[in-house]
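Observations on the model geometry
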Amino acid sequence: MECAKEQEMLSAYYDGELSSAERAAVAEHITNCPRCAAELAAFSDLSEMADALADPPVPSDLWSRIERDLDAPARAVPGPRGLMRALWLNNPRWVAMAASVIVVFTAAFLGYQSWFGGSSAQVADQAFQQYVERFQRDPEAAGRWLLADYRARPLDLASAELRGGFRPVVAGGLPTGYTLESAHLVEMPGGPCVHAVCRRSDGSALAVFERVPKADEKAGGCVCGDDCCDGSQCQMHQINETLTVCQPCGNHFVTLVGARNVQEAGRLVAWWQRTAGAGAPADGKAPHAIPDTGSRVPAG
Amino acid sequence: MTSKRVYQVDTAATGEVNEAILAGCRRGDRNSQRRLYELCHQRVYRLMVHMVGVDEAADLTQQVFLQVFRKLDRFSGQSKFETWLYRVAANEALQHQRKHRRRSVPLPTEPKVDERRKEVPGENRELLDAALQAVDPQLRSIFLLREVEELSYRDIAQVMGIPEGTVGSRLNRARRELRQQLRDLGWEH
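Residues numbered from 1 in each chain as written. Chains lettered and ligands numbered in written order. Predicted model: local features only at pLDDT ≥ 70, side-chain atom pairs only at ≥ 80, totals over all residues. Heavy atoms only, no water.

Here we take up helix H6 (residues 137–147) of chain B. Since one α-helical turn is 3.6 residues long, residues separated by three or four positions face the same way. Residues and elements named next belong to chain B. Most of H6 is tucked away, with nine of its 11 residues classed as buried. For H6, the full list of buried residues reads Leu139, Arg140, Ser141, Ile142, Phe143, Leu144, Leu145, Arg146 and Glu147. Where H6 starts, the residue carrying a side-chain oxygen 2.9 Å from the main-chain nitrogen of Gln138 turns out to be Asp136. (Buried < 20%, exposed > 50% of the residue type's maximum accessible area, 1.4 Å probe, protein only. Helix = DSSP H or I, 4+ residues; strand = E, 2+ residues; numbered from the N terminus. Polar contact = N/O pair within 3.5 Å; in protein donor to acceptor, adjacent residues only side chain to side chain.)

A few words now on helix H4 (residues 81–100) of chain B. For H4 of chain B, spanning 20 residues, the distance from its first C-alpha to its last is 29 Å, which sits close to the expected 28 Å at 1.5 Å a residue. Within H4 of chain B, 14 of the 20 residues are buried, which leaves the element mostly enclosed by the surrounding structure. (Expected span 1.5 Å × (residues − 1).)

Another aspect to go through is the nonpolar core. When a protein is soluble and globular, its nonpolar side chains tend to lie buried together. In terms of nonpolar packing, the biggest core is built from 81 residues, with Ile66 of chain A together with Leu36, Val68, Phe81 and Met160 of chain B touching the most fellow members. Ranked by the residues each element gives to this core, the list is headed by helix H2 (residues 30–52) of chain B, at 11 residues. In this view, Leu36 of chain B contacts Val17, Ile21, Leu22, Cys25, Phe65, Val68, Phe69 and Phe81 of chain B; residues no more than four positions away in its chain are not counted. (Core = buried A, V, L, I, M, F, W, Y, C linked by side-chain atoms within 4.5 Å. Contact = heavy atoms within 4.5 Å.)

For Ser32 of chain B, the position within the fold is in helix H2. Residues contacting Ser32 of chain B, with those up to four places away along its chain left out, are Ala20, Ile21, Gly24 and Cys25 of chain B.

This paragraph deals with the confidence of the model for chain A. Residue and element names in this part refer to chain A. Here chain A averages 72 in pLDDT, while 61% of its residues score no lower than 70. Mean pLDDT across the elements of chain A bottoms out in strand S1 (residues 102–105) (48) and peaks in helix H2 (residues 10–14) (97). Scored below 50 in pLDDT, residues 74–79 shows 13 contacts in the model against residues more than four places distant or in partner chains. The low-confidence segment residues 277–296, where pLDDT is below 50, has 34 contacts with residues more than four positions distant or belonging to other chains. (pLDDT = per-residue confidence, 0-100.)

Now the structure itself:
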């Protein structure tokens, strides 16, 4: 008996996904077709076996492992297994870079002493801390305060080429989900810094600082200074609820203020590193968001 | 100085994921995140066990929830949250398998061709697990989503990113391949 059409509909019939007319037609066919009847019986056997698949017991520590990863910025020293395994599954290259991540949970900044330059380091420390504290309460107000207290001028990133041909990383654009709100060149005591404010799709803010390299520097050093890191590894600090991440990015060093977690910081840096060779857009227009092809999570 | 987090947890894993829980998770509220986990972790872990095996299931389940909490803004509400969650989980499992290319492991005992096997629930479970590992991961996902998670064809299509009209034919293939694998393992009705 030819029953290709009914065979094709067998699972839908078995699962109750056919219209009533189709269902009636297949049911009638089955009563006269031993082959289809046998296949339907096999479906039922599989269902019985699937019913016997046990509900495996979930490891009792699974939530605490997840919570540990969510809390990663708040810990003095991250548990390497959970955090690194989560990062590894996302981006093995980031793991190699973050192998020297040091998380410092502190109420006061360590290592920002030379961010603003030697003799005014203490003032600079306090100034940056004030910026971060203000950022937590009101990112816009923090920016206004910074720009008002230090000489600043708006920066056109499309054409920005600073001392020695330096182009900040944000001039290369931002991944999908972020938009650039503003960019300024701020004259800090330790030297000029690029301050960019980015917005996530939910409206929350993230600030990016990048120190312009000095005349004798090949690339911008760590904006946090030697006490923060030697420029080859990542340093994270948390002031109250605000996370800051100082991160090498190719020949650049960026400080992110208001990163949600180390994963977000890593993704941004990885994205900038991937696009670092693109250079300025040929048409000279402002950089635009480029889809983050590394993301696996679908829209719902 | 950070404030000490203190939260209370409602350990009753009943109810559905509602917008209040999702809104709390988007804010990073730990109570909401814990609630979401309690409502959903069993089904995610179960799917992972049958997709990738018990050794890897916990790590992948952990990764799924981290993804969910980080990317919740991508859930627009056009589908049920559970459907989106399954999609994240299925993607994670399939990506893991593409990287690791798991192979099926045959049962240690040789099947006796001339002897009808007694139906022992424990053995059937192991047979099906072995057969599942031997079929294509996509077909395995679809079978598990239908038979174990009891998703509709429409939901399965959304989870797998395939046309709804193809779910039936793929389930046909999954069921037939599983039946053949079980026969190869010596199982007969």
